[in-house]
Amino acid sequence: MDLFNYHRRESSVVHIGALDMGGDNPVRIQSMTTTSTDDTEGSVAQAERIIKAGGELVRLTTQGVKEAENLKNINAGIRRDGFSTPLVADVHFNPRVADVAARYAEKVRINPGNYVDPARKFVKHDYTDEEYASELKKIEERLVPFLDICKENHTAIRVGVNHGSLSDRIRNRYGDTPEGIVESCMEFLRICKKHDFGDVVISIKSSNTVVMVRSVRLLVDTMDKEDMHYPLHLGVTEAGEGEDGRIKSAVGIGALLADGIGDTIRVSLTEEPEAEIPVARHLVDYIDRKAGHQLIPAETYEGFDWLRPERRTTKPVDNIGGGNVPVVMVSENADNAARDEDASKADYIYVGSNLPKERKEGKRYVVDYQLYVQADDKSQLYPIFPVTAMPFVSMVQAKLKFLVLQFGTPADEYLACLKTHPEIVVVCVSNHQNRLGSQRALVHEMMIAGVENPVVFAQMYRLNDAEEFQLEAAADMGALMIDGLCDGIWLMNDGDIAPSTIEGTAFGILQAGRLRTSKTEYISCPGCGRTLYDLRDTIKRIHEATKDMKGLKIGIMGCIVNGPGEMADADYGYVGAGPGKISLYKGKECVEHNIPEGEAVERLLRLIKTDRPEIGNK
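Please read these numbers as outputs of a predicted model, since none were measured by experiment. (Residues numbered from 1 in each chain as written. Predicted model: local features only at pLDDT ≥ 70, side-chain atom pairs only at ≥ 80, totals over all residues. Heavy atoms only, no water.)

Draft legend 1. Summary view of the side chain of Gln470. The residue Gln470 is located in helix α13 (residues 466–482) in this model. Gln470 sits in the buried class, given a relative accessible area of 5%. Apart from residues no more than four positions distant in its own chain, Gln470 is found in contact with Glu243, Ile247, Thr501 and Thr505. (Helix = DSSP H or I, 4+ residues; strand = E, 2+ residues; numbered from the N terminus. Buried < 20%, exposed > 50% of the residue type's maximum accessible area, 1.4 Å probe, protein only. Contact = heavy atoms within 4.5 Å.)

Okay, structure coming up:
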């Protein structure tokens, strides 16, 4: 793996109807309908809205044989209207449904967690090696006839593993780990390879971006060792809606795309399906700009493990580095100085050469080093030095100093400075076409030299669109956070975006990367034909009632397919149990069954307030 120079992973080509995926083909964009697959006209209309928005594949849920058979009519309707876009059937729990869907869709998604294994119930069972081998034989006996149908009908498949629906068999032997997720996938891939079936796409998804990225990295490595090169579908499940959903998706998907991994993506938002397409398109186009960049001649630190990264060891400087959560830095200037500083939650505020008229209690101000030297009252002030001012670092006394560096700075000079001054926090910048590779390169150069100064990553943009800013910043920071290199984040923008949005994006990125919690987190699915209640309206009501419950994770799921599993990381869950019926969860445990939908939100709030009065009664 070249950590510093971008190139697409080499993958085999898969034929999906009129569409080719993998190889030299562009990263394909897709979405999923939310209509009932029994509703032919509604499904055709929504599929065509996805296609017109730029979707290159359309997925539909197929709960049963009836829905699978109706794919024939939906497919015919779309073809009649002049579209050749492939349809993908989404199958859970019932292999027979997959057999039928393979005759009418260009691709069928099957979930190893529930294709042959029973639905996950979190039961404990220690399998002997003989019992485990017998279970694998059952999978092969059931999967091969399906592969034969796919061969006969020229149908591709997606082996789609979800962290939330790993089988109890896998979970008992491997745990809820990336290794277990990968093995769940590899069991099916080995059967495909053994029986010479090559039109396979793979996905590994989780609502936890760290688990998702690490699992895909491990899968790529495992496949390479077994001479498999199938294309990869990327996505973060249950990402949610609005800016939180976009940031979370961009952190996970962007971290992998930036390393050249991924042949198709779906951004799962709890919004209309066609709204996902522009988000996915922008992510793909943004990462594509890295292609053909100037070589970054960097060396990888031998102690770094890309597959199982740990947080880089640093010596803390005040509240930065060491075991501290990553800090957030923001910029204030003459244009936005009128903003109420009390509203800012940032750890450090850069004010450049303009001292604040009044220093707010508890605020930390970063100032240009010349101003720091001249200031009579240096309380709450911290100097920042450009690389050209490195010779002056020793002349300025301060318990915390910032030094701006980028890869390419003569290593002998800056490394000697850092070794002499452990009170320096590095502000890592880059104007390279591949800023991830350049910023990684600087930190690896520091690690090779054995310096342990903390690093804050500073990212500069020139954008006027807040959504584009959020996507690009999250994509740039994804791999740096997953790699364990991030002690802080400083987002800057030369454009018409509110300072509060810039600051909020920084906190949102850290939360999406599982590094710092600053607000309530919602793990909400995008909805599909299986959804059993008004998902979007419910999410709005739950958001409004719980938005101030900082640090709480709430899962909101349309149905049971991934519910308990994806919510294993959540404190409380709200899951569709049947038409008009909701079940409530505390962690993995269902604590209230089949509540009427009209009562369910209030019952959820009552559960939280009773169980967590210190949060629920705020």
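Draft legend 2. Geometry of the packing of helix α8 (residues 242–257) against helix α14 (residues 499–512). Contact geometry for α8 and α14: axes closest at 9 Å, N-to-C directions at 55 degrees. With respect to α14, the element α8 is oriented oblique. Taken as a pair, α8 and α14 cross one another with a handedness that is right-handed. Only Thr505, Gly508, Ile509 and Ala512 of α14 make contact with α8, whose side of the interface consists of Ile247, Lys248 and Val251. Its residues placed into classes, the contact of α8 with α14 shows 4 nonpolar, 2 polar and 1 charged. (Axes fitted to C-alpha atoms, helices over the stretch in contact; angles between N-to-C directions. Parallel < 35°, antiparallel > 145°, perpendicular 65-115°, else oblique. Left-handed = near helix turned anticlockwise from the far one by under 90°. Nonpolar A, V, L, I, M, F, W, Y, C, P; charged D, E, K, R; others polar.)

Draft legend 3. Representation of the pattern of salt bridges within the structure. Using the criterion set out here, one finds 46 salt bridges in the structure. The salt bridge involving Asp168 is made with Arg171; its shortest N-O contact spans 3.3 Å. Residue Asp168 and its partner Arg171 are both found in helix α5 (residues 168–174); the two are separated by 3 residues, about one turn of the helix. Residue classification places Asp168 among the buried positions, given a relative accessible area of 9%. Judged by its relative accessible area of 14%, Arg171 is buried. Its salt-bridge partner being Glu592, residue Arg603 comes within 2.8 Å of it at the nearest N-O pair. You can see Arg603 sitting in helix α17 (residues 597–611) and its partner Glu592 sitting in strand β23 (residues 589–596), a full 11 residues away along the chain. Each of Arg28, Glu56, Arg281 and Asp285 takes part in a single network of salt bridges with overlapping partners. (Salt bridge = Lys/Arg side-chain N within 4 Å of Asp/Glu carboxyl O.)

Draft legend 4. How the structure looks around the pairing of strand β16 (residues 424–428). When you tally the buried positions in β16, you get 5 out of 5 residues, the bulk of the element. Side chains Ile424, Val426 and Cys428 project from β16 onto one buried face, and the interleaved Val425 and Val427 project onto a second face that is buried too. With 5 bridges joining them, strand β15 (residues 401–405) and β16 adopt parallel strand pairing. In the sheet register, Leu403 faces β16, and the bridge partner there is Val426. In this view, the connection linking β15 to its parallel neighbour β16 by way of helix α11 (residues 411–420) has right-handed handedness. In this view, the connection linking β16 to its parallel neighbour strand β17 (residues 455–461) by way of helix α12 (residues 435–449) has right-handed handedness. (Pairing = 2+ DSSP bridges. Right-handed = clockwise from strand over helix to strand, strands pointing away.)

Draft legend 5. Here's a closer look at the nonpolar core. Of all hydrophobic cores here, the largest spans 149 residues; its most connected members are Phe146, Leu189, Ile265 and Ile509. For this core, the element with the most residues is α13, which contributes 10 residues. Membership of the second largest hydrophobic core comes to 27 residues, among which are Tyr522, Ile539, Leu584 and Ala600. (Core = buried A, V, L, I, M, F, W, Y, C linked by side-chain atoms within 4.5 Å.)

Draft legend 6. Spotlight on the packing of aromatic side chains. Scanning the entire structure with this criterion turns up 9 aromatic pairs. Judged by centre distance (5.6 Å) and plane angle (80 degrees), the ring pair of Tyr348 and Phe402 falls under edge-to-face. Of this pair, Tyr348 sits in strand β12 (residues 348–352) while Phe402 sits in strand β15, and the two are 54 residues apart along the sequence. Both rings, one in Tyr350 and one in Trp490, keep their centres 5.4 Å apart while their planes meet at 55 degrees; by these two values the pair is tilted. Of the two residues, Tyr350 is situated in strand β12 and Trp490 in strand β18 (residues 488–493); the sequence distance between them amounts to 140 residues. A relative accessible area of 3% places Trp490 in the buried class. Each residue in the set Tyr115, Phe146 and Phe188 is aromatic and connected to the rest through ring pairs, giving one cluster. Geometry around Tyr132 places Arg173 over its ring, the cationic atom sitting 4.1 Å from the centre. (Phe/Tyr/Trp six-rings, centres within 6.5 Å; stacked < 30°, edge-to-face > 60°. Lys NZ or Arg CZ within 6 Å of the ring centre and 35° of its normal.)

Draft legend 7. Seen up close, the packing of α8 against helix α9 (residues 276–288). Closest axis-to-axis distance for the α8/α9 pair is 11 Å, and the angle between their directions is 35 degrees. Considering the relative orientation of α8 and α9, their crossing is right-handed. Residues Arg246, Ala250, Ile253, Gly254 and Leu257 of α8 form the contact with α9, whose participating residues are Val279, Leu283, Val284 and Ile287. Taken together, the residues of the contact of α8 with α9 break down into 7 nonpolar, 1 polar and 1 charged.

Draft legend 8. A look at the sheet that holds strand β22 (residues 581–586). One open sheet accounts for 5 strands, arranged β19-β20-β21-β22-β23; its pairing is mixed. Single-partner strands in this sheet number two, and they are β19 (521–524) and β23. This sheet shows a mean twist of 20 degrees between the axes of neighbouring strands, independent of strand direction. Across the sheet, helix α15 (residues 535–546) is in contact with β19, β20 (553–557) and β21 (572–578); its angle to β20 comes to roughly 165 degrees.

Draft legend 9. Inspection of the sheet that holds strand β4 (residues 57–61) at higher detail. In spatial order, the strands read β3-β4-β5-β6-β7-β8-β9-β10; together these 8 strands close into a barrel with parallel pairing. Pairing between strand β7 (residues 156–162) and strand β8 (residues 200–205): 6 bridges, direction parallel. Paired with Ile157 across the strands is Val200, a residue of β8. Against the sheet, helix α1 (residues 40–53) contacts β3 (28–32) and β4, and its axis sits at roughly 150 degrees relative to β4.

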